[in-house]
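Fold and geometry: a report
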Amino acid sequence: MFAPLQSDPVLLPETIARLLFGSEIAIWQEAVAGFLAAFLIANIMLANAGVAGPWAKRKITAAFTDRIAVNRIGPAGLLIIPAAAVQLMAKELIIPDGVDRPAYDLAPILLALSALLGFAVIPMGSIFGINLQMADPETGLAFVFAVASIATLALTMGGYASNNKYSLMGGLRAIAQNIAYEIPLIVTAASVVIFTGTLQTSEIVAQQSEPLVTIAGLTIPSWFAFVNPFAFVLFMVANLAEVGRNPFDIPEAPTEIVAGYMTEYSSIYFVLFYMGEFIHIFLGGAIVATVFLGGPAGPVLPGFIWFIIKIWAVFLFTQWARSAVPRVRIDQLIEIGWKGMLVLSFANLVLTAVIVGVML
Amino acid sequence: MSNEPRDVIRGSTDAQTKTQEARMEGVDNRFNSKLREAFGSSPFILTKFDKFMNWVRGSSMFMLQFGIACCSIEMMHTYAVKHDLDRFGSGVPRASPRQADVMIVPGTIVTKFAPRMKRVYDQMPEPKFVVNMGSCAISGGPFQEGYNVIKGAEEVIPVDIHVPGCPPRPEALIYGVVKMQERIANGESSPVTVKPYELEQFSDLKQDELVDKLASQIDEDDLVMRYNWADSP
Amino acid sequence: MSSYEEQLDTAEGVDYDAIADLLGDRVVRRETHLNAEGFVVRPDQVAESLTLLREEAGFDHLSMVTAQDYEDRYETIYHLTKYADRTHEVSVVVPTDPENPVSESAASVYKTANWHEREAYDLVGVEYDGHPDLRRILLPETWQGHPLSSDYDQDKPQIVQFDEHKNPLEDDHRGADSDTMFLNIGPHHPATHGVLHLKTVLDGEQVADVDPDIGYLHRCEEQMCQQGTYRHQIMPYPDRWDYASAGLLNEWAYARVAEDLNDIEVPEYAQIIRTMSAEFCRIAAHLLAVGTFALDIYGDFTAIFMYAMRDREKVQNILEDLTGQRMMFNYFRLGGVVWDLPEPREEWFENIRDFLDDLPGTLEEYHDLITTNEIFQTRVIGTGVLDPEDAKQFGTTGPVARASGIDYDIRRDDPYGYYDELDWNVVTEEGGDNYARFLVRMQEVEESAKIISQCVDLLEDWPEDERNIQSNVPRTLKPDPDTEVYRAVEGAKGELGIYIRSDGTDKPGRFKIRSPCFCNLSALNAMSKGEYVPDLVATLGSLDVILGEVDR
């Protein structure tokens, strides 16, 4: 089919290993480099979530509601980021009576972890000639979806272990929602895989760099958002449900079940949940970017910058939905999921399969 | 620690040394960490760190989404478009008390609600702060003579800032909140709400032991709760 | 309409002699109240008499139940009226023995009597035989004594034994084999709009039963009013009943009843000012209702809530120019208002005109954002349905009743102020669901704007030497002893009524408030049983209860 644009780029751990240990790399050196690479990527994503959580989210919401939001703490209120982070972490950590101890402690860690794990195989483009992809296994896309769905387990654990009825309801809602929307999500992604014929993320990205059409000198690349807009819309909707934002924010549903699964969490655990959610939104954005928006591709700027712009665009979309769209009810959500999204996504899959089978 | 904690906090020149001495003498072991002992009598880094922590606590505040009565309408206006309390970094309402730092008490407290409010306050993690909004929360306000009305939130929970008015205008509430932020940032508002007499009496006990000791003094058979609001100040 | 009912209705109103005939020898004695005749019946014949009045005479609206104690007796008054014609009123007076104050319950005839009688039991101490659930409603279960009875000593401390203070979470697990879950929603919960406590039994996500537990804001409003003098000291308190900036509407309730009691005329100019300012309050209150309802559906402090607050600011600015306060206006006085319109008048009128000109565009924005949003519609259409029969049974009024198709608005049915001179419509919707209630409020904002615009025209052209804002009212008002009157106005939430019995002094002997929210909230159980938790929250939002008014 398509030839990859460039010869296999060097992955991030290898770059680091060469930098540190020269060209001869032992196993342990590779492991150390891997750790360092993971540390770097995780920190980049945490930094993104850190900016998003206490600052960007407030600023964006404020822009939607004619307000200003934080502007007294540092320039444009930016110092609120360290202030909020340290303040929240320095608070008392309350472990309520009767919580299921290991599960209660593990849930927030697991949530943040599952979201971060997903970034291991996302091709984030390169900056200063360094390719920021951690690993590029042939089952890349399957791996992303697999680890991202661990989050459901974390939410359920947190909800169940908190010994609080609101938490329990939030946890149960999270399961129902994620099962109902994970299937359309993956089936829609599968329709893209039919096009590409591979699960390898770098390959999926590479195939999107071919020009689709040229109109008046402007070349539109064959991003799958342009090739199959229907699948793109389906995926965006399912993704909203997956990350739990309006209109599908029912696991958290502030006016109904207080704060859902995180009702009982305070201090650092709350930070982990909060950050985990944001990293999840970014992971959703990263998957959307990789599968539908040509990954880190873009003119002029380095690929990594484009990648960040794309995941922030998806983040902006979720925040917009949060500000403008009402929340659906739990039974309506399930109905939309199983009767609407699932059918549509399978129709999309079959159609794509037929088209690909006939035309290619 | 002396009997006049407020003086210690407000006093101009000798306050610093006094508190240091108090800390070093071991009267109050809870503030007297190993680090402090290691750094000796001029804990430069620690005071800078204290300052930073105070700034942090004063800068970022999560409010408890807590409406009681009339004042809560003005409180909503304070969060909303025109007044926008969020400008000062204190406009994120959290519905769960576990994630809140500041509780604005916006309204009249009555006997049925007082224990619940205490409970909500107890559920908040330290350090926590309370802003009293309006005359009712300060003293019972226009309803002070009512048979069912508690004469001020301070009968139930400790309060940092009172904002008078019936109800206070949003500008007044913003002033109150910002004033409290200032106090916290300057280290004037104690982040730990332990009263001085408790410090003296139980200073050598850890928190859990303290609770145990207090709990053992309670005789469950004859414990009574008195709603004696007539005699209260 | 039954044959009896036709016979009872005459051109002048109710034919009380015919009612006396209808009730026959159940009537012990007749009393005359300022608003209606009172028929004294025996304590064991209450339900029978009320059934007759409801079935045969068409009195389908139990507006309020007042309990009070005299030196020699306890007394319960059932204020009856008709949804079809508010001017038809009758009172049923039930005296009971002071030693053993028990009378028959009316809860089997009117469902709304359930809560009203619980309140009477709680505060005054009359017991109702055959009441389904006679518990305290406003005060804690452990309260000793009945605070509005004359032998209550307020200075005595309330002592509660520890064993009476059970762990509130203990009853949560109702039996091992039970499939339902008990959930406390409130008193501190983001959806309760204050301090309401809903004892909810859930079957999965569905509501199997919900029992509103009120009284977390019971601020002794009736006691406060009974301690104040008619002339000046009572007027500030109504502002604090329905505090959603509906203050002037509440003040009008007191002004109306006190003016009727003391026979005070209000100058026409003052009436127009009252009408206009009260409608501003209605707009502010309805905007808050819209905003918080959207908050319940959207789930966060989103655009629509902020927009509602933004538009409320405009209304509050106009009212602040007029009254000097943003919320607690204290602007009405008996016999008029406290001061004239602010100078320069033209500028103020200009502000109002600007606001009124912007309003259609603003409402269009609301409709674009919420009413026409399909997700919003799937959420609210067909949920929280209150059918007209239930609506009448629970004594609902205001937008809640009008959304159930009940054409009932005191501004038109029992005119006061300047309303009957102006051109406006009563808004009704047929659905009875959350959506209908929302639409009624949105349209009532438009109607209020219409009223205001006409008032502004009138005020602008009013001759300068006839701007009489206040009639002559004596410094001290002492109505004749044992004069009783019950009057209601259309508050933001519905029929806001006040009953006053004078005892010959300058303070009321009994001051009883009929709160529309109290009655509307009692219908919550019927409306939300079998629905989902989010619908319960939405229904509560669309009822638009203000806890200050529910608990008083």
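Residues numbered from 1 in each chain as written. Chains lettered and ligands numbered in written order. Predicted model: local features only at pLDDT ≥ 70, side-chain atom pairs only at ≥ 80, totals over all residues. Heavy atoms only, no water.

What to know about the nonpolar core
Membership of the largest hydrophobic core comes to 221 residues, with the highest contact counts inside it found for Met103 and Met117 of chain B together with Tyr254 of chain C. For this core, the element with the highest residue contribution is helix H7 (residues 268-298) of chain C, accounting for 18 residues. Apart from residues no more than four positions distant in its own chain, methionine 117 of chain B is found in contact with Phe66, Ile68, Met103, Val105, Ile109, Ala153, Val156 and Ile157 of chain B. In terms of nonpolar packing, the next biggest core, distinct from the first, is built from 96 residues, Ile80, Ala103, Val192 and Leu293 of chain A among them. (Core = buried A, V, L, I, M, F, W, Y, C linked by side-chain atoms within 4.5 Å. Buried < 20%, exposed > 50% of the residue type's maximum accessible area, 1.4 Å probe, protein only. Helix = DSSP H or I, 4+ residues; strand = E, 2+ residues; numbered from the N terminus. Contact = heavy atoms within 4.5 Å.)

Brief notes about the pairing of strand E3 (residues 211-215) of chain A
Residue and element names in this part refer to chain A. Within E3, only 0 of the 5 residues are buried, which leaves it mostly out in the open. Inspection of the sheet shows E3 paired to strand E4 (residues 218-221) by 4 bridges, in the antiparallel sense. Each bridged residue has a counterpart across the sheet, and for isoleucine 215 the counterpart in E4 is leucine 218. The antiparallel hairpin formed by E3 and E4 contains 2 residues in its connecting segment, where alanine 216 sits at a positive phi of about 50°. (Pairing = 2+ DSSP bridges.)

Quick word on the interface of chain C and chain B
On the side of chain B, 47 residues touch chain C, which itself brings 57 residues to the contact. Summed over the shared surface of chain C and chain B, the number is 4 salt bridges. The salt bridge involving glutamate 313 of chain C is made with lysine 82 of chain B; its shortest N-O contact spans 3.8 Å. The tally of links between chain C and chain B comes to 14 residue pairs in polar contact (both at pLDDT 80 or more). Sorting the residues of the side of chain C that touches chain B by element identifies strand E10 (158-161), helix H5 (221-226), H7 and helix H8 (303-323) of chain C as the ones contributing at least two each. The leading source of residues in the side of chain C that touches chain B is H8 of chain C, at 9 residues. (Salt bridge = Lys/Arg side-chain N within 4 Å of Asp/Glu carboxyl O. Polar contact = N/O pair within 3.5 Å; in protein donor to acceptor, adjacent residues only side chain to side chain.)

A closer look at the sheet that holds strand E3 (residues 27-32) of chain C
All names here are of chain C. One open sheet holds the 5 strands; their spatial order is E3-E4-E7-E6-E5, and the pairing between them is mixed. Sheet topology places E3 and strand E5 (61-69) at the edges, where each strand pairs with a single neighbour. Neighbouring strand axes in the sheet, compared pairwise and without regard to direction, differ in orientation by 25° on average. One ladder, built from 8 bridges, connects E5 with strand E6 (residues 74-81); its direction is antiparallel. In the strand pairing of E6, glutamine 68 is matched with glutamate 75. Contacts from helix H2 (residues 16-23) reach E3, strand E4 (37-41) and strand E7 (89-96) within the one sheet, and its direction differs from that of E4 by about 15°. Along the sheet face, helix H4 (residues 113-123) touches E5 and E6 and points at about 10° away from the line of E5. (Axes fitted to C-alpha atoms, helices over the stretch in contact; angles between N-to-C directions.)

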